[in-house]
Amino acid sequence: PGTFLLVSIGYFLERKETLREIDLVGIDSDEGFLRVAEELARGFAKETLSGTAVRLSLLRRDLVESLPAEAGTGFDLIVAGNTLSEGFSDPAKAAGWLDSLANYLRPEGALVVIEPALKRTGRFLQQSRDALLALPGRRLHVFAPCLHEGPCPALARAGDWCHERVPWNPPKALEEIDRAAGLDKDTLTFSYLVLRLSSRSLKDVFKTPSKGLHRGRVVSDALPEKGKEGRVVCTEEGRWVHYEALERGTAAAARRLAALGRGEVALFPAGRPAGPRMRLAPDEAPERLEAPVGDD
């Protein structure tokens, strides 16, 4: 019902962007959802974007077909939300559809693909990613969340998949629903890709590692064991590495490893093998990396 149109408006509000005008185009196959979307999007835009000319077009269309001509081209942002898992069963066809959306992007634009954080839907997104990267003459590159464009290491084992988890404060109405259902949802989970025409990627945003260090993105929650801290990390070399550190005295490695959150990028020492894992020495502390302010 226009969820991602509302999120796009909210994005500009959070950044405190002053826009002279904004064109919003929503596409769905359900006429009822489109009517609700129009009401919500127009109301939210009028309430929050005073001084901005808002043009809203809502088109009834099968999402997995090519976009209609009346949708236009030259988009700064395209969001495909819950589209792959609902519209495709073949990752190769999903990949071809994603690459076709390059026709509608401006050179600096971005395609954001968001799917539920379930194992089936998450793995389908990663399979579609790999199929896209294998397309001859493909136009799109992975900007985020990956630090590489190699095969997704989450697909190496049948039980793994990649997803994000971010903290949030739910609206009061949802809190009441959760309470009645016996749920405690203080985080949002989802799987995503950001695709762009430029080959510049997330790894180009962060500090370049010096010799002996590796950039990696945390892809697990905390994995504490007795006397240990642990995290699984997807490295820019395209490997999943389970780093662990012993909790001994004031060991900086264990403390900093425990402080890293899912999705954060950090510099990791090489460590030494401890079975299938890599163990960090007490003074081999990972360094959380921060993106420069204002970098897109």
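Residues numbered from 1 in each chain as written. Predicted model: local features only at pLDDT ≥ 70, side-chain atom pairs only at ≥ 80, totals over all residues. Heavy atoms only, no water.

(A) Representation of the overall build of the chain in the model. A tally of regular secondary structure across the chain gives seven helices and 14 strands. Radius of gyration (C-alpha) of the chain: 21 Å, near the 19 Å computed for a compact globule of 296 residues. Projected onto the principal axes, the alpha-carbon positions of the chain cover approximately 60 × 50 × 35 Å. Within the chain, buried positions represent 40% of all 296 residues. The long-range share in the chain, meaning contacts at least 24 apart out of those at least 6 apart in sequence, stands at 69%. (Helix = DSSP H or I, 4+ residues; strand = E, 2+ residues; numbered from the N terminus. Rg over C-alpha atoms; globule rule 2.2 N^0.38 Å. Buried < 20%, exposed > 50% of the residue type's maximum accessible area, 1.4 Å probe, protein only. Contact = heavy atoms within 4.5 Å.)

(B) Expanded view of the sheet that holds strand 12 (residues 272-274). With mixed pairing, seven strands are arranged side by side in an open sheet as 12-13-10-9-8-11-14. One side of each edge strand has no neighbouring strand; the edge strands of this open sheet are strand 12 and strand 14 (287-288). Inspection of the sheet shows strand 11 (residues 265-269) paired to strand 14 by two bridges, in the antiparallel sense. Across the sheet, the residue bridging to Leu267 is Glu287, located in strand 14. (Pairing = 2+ DSSP bridges.)

(C) Local environment of unusual backbone geometry. A cis geometry characterises the amide bond from Ala144 onward to Pro145, with omega recorded as 5°. Within the secondary structure, Pro145 sits in the loop between strand 5 (141-144) and strand 6 (164-167). You will see that Asn82, though not glycine, has its phi angle at about 55°, which is positive. Mapped onto the elements of the fold, Asn82 is located in the loop between strand 3 (75-81) and helix 3 (84-87).

(D) A look at helix 7 (residues 252-259). Of the positions making up helix 7, those classed as buried are Ala252, Ala253, Ala254 and Leu257. Among the structural elements, strand 9 (228-235), strand 10 (240-246), strand 11 and strand 13 (277-280) are those in contact with the buried residues of helix 7.

(E) Representation of the packing of aromatic side chains within the structure. Under the counting rule described, the total for this entry stands at four aromatic pairs. Each ring, one from Phe88 and one from Trp97, has its centre 5.7 Å from the other, and the planes form 45°; the classification is tilted. By the burial criterion, Phe88 is buried, and Trp97 matches it. Summarising the aromatic geometry, the rings of Tyr243 and Phe268 are spaced 4.8 Å apart at their centres and angled 10° between planes, so their arrangement reads as stacked. Within this pair, whereas Tyr243 is found in strand 10, its partner Phe268 is found in strand 11, the two being separated by 25 residues in sequence. For Phe268, a relative accessible area of 1% puts it in the buried group. (Phe/Tyr/Trp six-rings, centres within 6.5 Å; stacked < 30°, edge-to-face > 60°.)

(F) Region of interest: the state of the cysteines. Enumeration over the complete set of coordinates arrives at zero disulfides. Just so you know, Cys162 is unpaired, no disulfide at all, and the nearest cysteine sulfur is the one on Cys152, 6.1 Å from it. (Disulfide = S-S within 2.5 Å.)

(G) Representation of helix 2 (residues 31-48). Taking 1.5 Å per residue, 18 residues should reach 26 Å; helix 2 reaches 26 Å between its end C-alpha atoms and fits that length. Those residues of helix 2 not exposed but buried are Leu34, Ala37, Ala41 and Ala45. In an axial view of helix 2, the angular spread of the buried residues amounts to 55°, which keeps them on one side of the axis. Facing away from the buried side of helix 2 by more than 90 degrees, the exposed set consists of Arg35, Glu39, Lys46 and Glu47. At its buried positions, helix 2 is contacted by helix 1 (3-14), strand 1 (21-28) and strand 2 (53-60). The backbone nitrogen of Gly32 lies 2.8 Å from a side-chain oxygen of the residue at the head of helix 2, namely Asp30. (Expected span 1.5 Å × (residues − 1). Arc of directions from axis to C-beta. Polar contact = N/O pair within 3.5 Å; in protein donor to acceptor, adjacent residues only side chain to side chain.)

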